[in-house]
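# Topology and contacts: notes
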Amino acid sequence: EVDCGSLLNELCKSGNVDEARSLIRWMEEYEGERFGKPNTIMYNIIIDGLCKESRVNEALNLFQEIIDISDVITFSILIDGLCKNERTKEAHDMFELMPQRGIQPDVFTYSSLIHGLCSCGQGKEAIRLFNEMIDHDISPDMPALNILMDVLCKQEMAKEGHKLLDLMIQRGVKPDIITFCTLMDGYCLQGQMKEAVNVFDSMVDSGHEPNVYSYNILINGYSKDRKLDEAKQLFEDMHRKGLTPNTITYSTLMDGLCKVGRVVEAQELFNEMQT
RNA sequence: AAUGGUACAUGA
């Protein structure tokens, strides 16, 4: 059973959802002879695999077939899948149908929907849901807090986000590198580079080695603020730390340079990137 | 120890 689940998982994660699906069909057919019935976990693996390939309709069809054995994970997978394919309305509907099936949303379900709503500009509703989650005595874990941080930041409420960070520290919850990066990006979005750099420093102080995300975020902040010398400086710092810039690093910096007319430097970067 | 959620750029 467990090994079969692992196999299905391997297949899905390596882009062979169809193989995994046939395997399940096979199990359904030979049920009782060699194997037992496929269980909820196995179906969840397939449904998630389909969603991750943007085949949400197929995922929904399979869901209809196995709705009687679906669980909170099945719902979370579908809500996430719908949201990531710009179908937040349906995700929301599905969320509201859960209690009718006797399934209560958990922190993953809320997080998926909150994140989805935030990504399609429904920050207010996202915040309302976060509060609803708290009211239901579901305590936010690190990813859930990071998602809330992102919601606040994308609403240009970096200052509120900063309060959330302080609150976490005060309560003995150790923010992770994503918490810091998300807040840095929030300050960058509002053009508050001094604050962003402050967060970068507190990130380092709390023992997190900056990664490519941390640098990309600050480089982007400076670029958008037309401070290309600072941005280039960070690009150098990054090298000195032994970090390898990625495509995002290059396109961020090249875009910034182009937009202030430093096209030659952008071209140089482009050449460097090819090697 | 089989399944779900979180951070960065450009472009249409």
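Provided above is the structure to which this section pertains.
Attention in this report is confined to the structure presented alongside it. Predicted, not measured: the structure shown is a model, and the values here were computed from it.

## Quick notes on the side chain of Ser-112
- Considering the arrangement of structural elements, one finds Ser-112 in helix 7 (residues 107-119).
- At 2.8 Å, the side chain of Ser-112 and the backbone oxygen of Phe-108 are in polar contact.
- Residues in contact with Ser-112, not counting those within four places in the same chain, are Ser-76, Ile-79, Asp-80 and Cys-83.

## As for the nonpolar core
- Within the largest apolar cluster, 88 residues are counted, with the highest numbers of intra-cluster contacts made by Ile-46 and Ile-47.
- Top contributing element to this core by residue count: helix 9 (residues 142-154), with 9 residues.

## As for the protein's contact with RNA strand B
- For RNA strand B, the set of nearby residues contains 48 residues, the closest of which are Asn-44, Ser-76, Ser-111, Asn-216 and Ser-251.
- The share of sugar and phosphate among atoms of RNA strand B within 4 Å of the protein is 46%.
- In this structure, Ala-144 approaches RNA strand B through a main-chain N or O atom, which is 3.4 Å from a base nitrogen.
- Residue composition of the surface near RNA strand B, grouped by class: 17 nonpolar, 17 polar and 14 charged.

About the criteria used
Residues numbered from 1 in each chain as written. Chains lettered and ligands numbered in written order. Predicted model: local features only at pLDDT ≥ 70, side-chain atom pairs only at ≥ 80, totals over all residues. Heavy atoms only, no water. Helix = DSSP H or I, 4+ residues; strand = E, 2+ residues; numbered from the N terminus. Polar contact = N/O pair within 3.5 Å; in protein donor to acceptor, adjacent residues only side chain to side chain. Contact = heavy atoms within 4.5 Å. Core = buried A, V, L, I, M, F, W, Y, C linked by side-chain atoms within 4.5 Å. Buried < 20%, exposed > 50% of the residue type's maximum accessible area, 1.4 Å probe, protein only. Near = heavy atom within 4 Å. Nonpolar A, V, L, I, M, F, W, Y, C, P; charged D, E, K, R; others polar.

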